[in-house]
Structures are given as C-alpha cells and as structure tokens.
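Spelled out from the first residue to the last, the chains are:
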Amino acid sequence: MPIKSPVFRSAAKDDKNGHPSGDPRFKLIDRTLKRFQFEQDALIEVLHTAQESFGYLDEDLLIYVAHQLKLPLSWVYGVATFYHFFSLEPMGEHSCNVCLGTACYVKGGANIVAALQAEYGIEPGETTEDGKFSIATARCVGSCGLAPVVVIDGEVTGKIGAEAVLNQVRESLAKPSPQRVAA
Ligand code: FES
C-alpha cells in the first residue's frame, strides 16, 4: 500500500485524547498505548492491537500510531510491511499465505504462488473481486522443517505441492468464511 502523504486524514490531536473519529476500536489501541506509556518500543504491540481491532492496517491507522508514538510514518510503515503477520489490505473471506522464506522458497514456494496466481488471477497481497480469496506471502512462518509451508485460513500445512494447495483452497472456498464461523 503506497503511503500517499503524511497528512493525518482524520485530524489527529496533539494531546492523547484518542482518535477524533470516536470509533470505539481506537479505544483498544489507546489502551495499549497507555499500558506501554506511549513507549516507542511498543510499536509492534500497538500494531498488533490495531490489526486485531480493525482486521488490517490501513493508512489512517499507521498515521495514528506514528503520531501517538511520535515516530516517523516511514518507520511505522517499514515495520508494518516487514513482518508477515501484519496486513495492509483487507483480506478476503478466505486466504492462502505462502511462505517464501529461504527453506520454503527452495522447496517450491514460488511454484505454489504461481499456481495460485494462475488459478485466481490475483497477485500476492491482492483479493479477488468478489472478496472471497486473498493470496499473501510470508518471509518465514517458523516451520522450516515442513517446507514448503502454506497457511490456509489460519491452518498451517507443510510438505505440500502446488496442486494439493489448489485442492485445499478449493475446499476452503466451498466452506463458510472462518470469520463468519467465528462470529
Ligand atoms: S522458510 Fe518457510 S517456514 Fe521458515
């Protein structure tokens, strides 16, 4: 997601009274900010709370967090894009996150991504037009011994080939979205 400008769209305040939109989800972020006393070291923790509250980190959220922690927006954006567990775009109802860390890459991770791209016509980081499916990639999901690893709707599967991934994704798409099941 390109950061267009460092202008806070929602007119942040200089005090610590929270987001001017009044959206109650910002209160959860504010609670984390206060718990860590607005320490800049708490950036990842605050971004986690922001993503859990909103589902993904949009530009307004990144600007808000940067503003509250008095960090450069470029720094916050860099951290949010570095870690695979942060998403800057809304995800589809179902998702397949393909690990492209070294172990997974050499064992065929890129082939899995290519197969998904060919099947669904979207790039990593994108969602199908109907909002049903997203492809994501990760740097390493910590299960290198199972390479290549994919995470389909939150479930980690390893030692899997492109065709088997496509089959699993088709099965997932036939089921209700995990978010709806959890709701
Ligand atoms: S490189 Fe894929 S899990 Fe570590």
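None of the values given here were measured: they were computed from a predicted structure.

Points about a nonpolar patch on the surface
Taken together, the side chains of L100, Y105 and V106 present a nonpolar region at the surface, about 300 Å² in accessible area. Structurally, L100 is set in the loop between β1 (94-99) and α5 (102-106). Classification of L100 as partly exposed rests on a relative accessible area of 30%.

A short note on the packing of helix α6 (residues 109-120) against helix α7 (residues 162-173)
Running from N to C, α6 and α7 cross one another at 45°; their axes reach a closest spacing of 9 Å. The angle between α6 and α7 places the two elements in the oblique class. Here α6 runs over α7; the crossing is right-handed. In this structure, α6 contributes N111, I112, A115, L116, E119 and Y120 to the contact, and α7 contributes A162, V165, L166, V169, R170 and L173.

Notes on the pairing of strand β2 (residues 133-138)
Here β2 lies mainly inside the structure; five of its six residues are buried. Where β1 meets β2, six bridges bridge the pair, whose relative direction is parallel. By the bridge assignment, V98 is partnered in β2 with T137.

The rules behind these values
Residue positions within a chain follow its written sequence, with the count starting from 1. With the structure being a predicted model, the display of local features is reserved for residues of pLDDT at least 70 and the display and counting of side-chain atom pairs for 80 or more, all residues being used for whole-chain, interface and lining totals. Side-chain measures were taken over the full set of non-hydrogen atoms in the model, leaving aside hydrogen atoms and water. Patch definition: residues above 30% relative accessible area lacking any salt bridge, with like charges linked at up to 9 Å and the nonpolar side chains Val, Leu, Ile, Met, Phe, Trp and Tyr linked at up to 5 Å. Working definition of accessibility: Shrake-Rupley area with a 1.4 Å probe, residue cover restricted to the visible protein chains. Salt bridges are defined by distance alone: a side-chain nitrogen of Lys or Arg within 4 Å of a carboxyl oxygen of Asp or Glu. Helix and strand definitions here come from DSSP, where helices need a minimum of 4 consecutive H or I residues and strands a minimum of 2 consecutive E residues; each element is numbered from the N-terminal end. Only protein chains enter the accessibility calculation, which uses a 1.4 Å probe. A residue is then buried if its area is under 20% of the maximum for its type, exposed if over 50%, and partly exposed in between. Lines fitted to C-alpha atoms define the axes, with helix axes restricted to the stretch in contact, and inter-axis angles between N-to-C directions lie between 0 and 180 degrees. Angle categories: roughly parallel below 35 degrees, roughly antiparallel above 145, roughly perpendicular from 65 to 115, and oblique for all the rest. Left-handed describes a crossing whose near helix is turned anticlockwise from the far helix through less than a right angle; right-handed describes the clockwise counterpart. Only heavy atoms enter the contact rule, under which two residues are in contact if any of them lie within 4.5 Å. Two strands qualify as a pair provided that DSSP identifies no fewer than 2 bridges between them.

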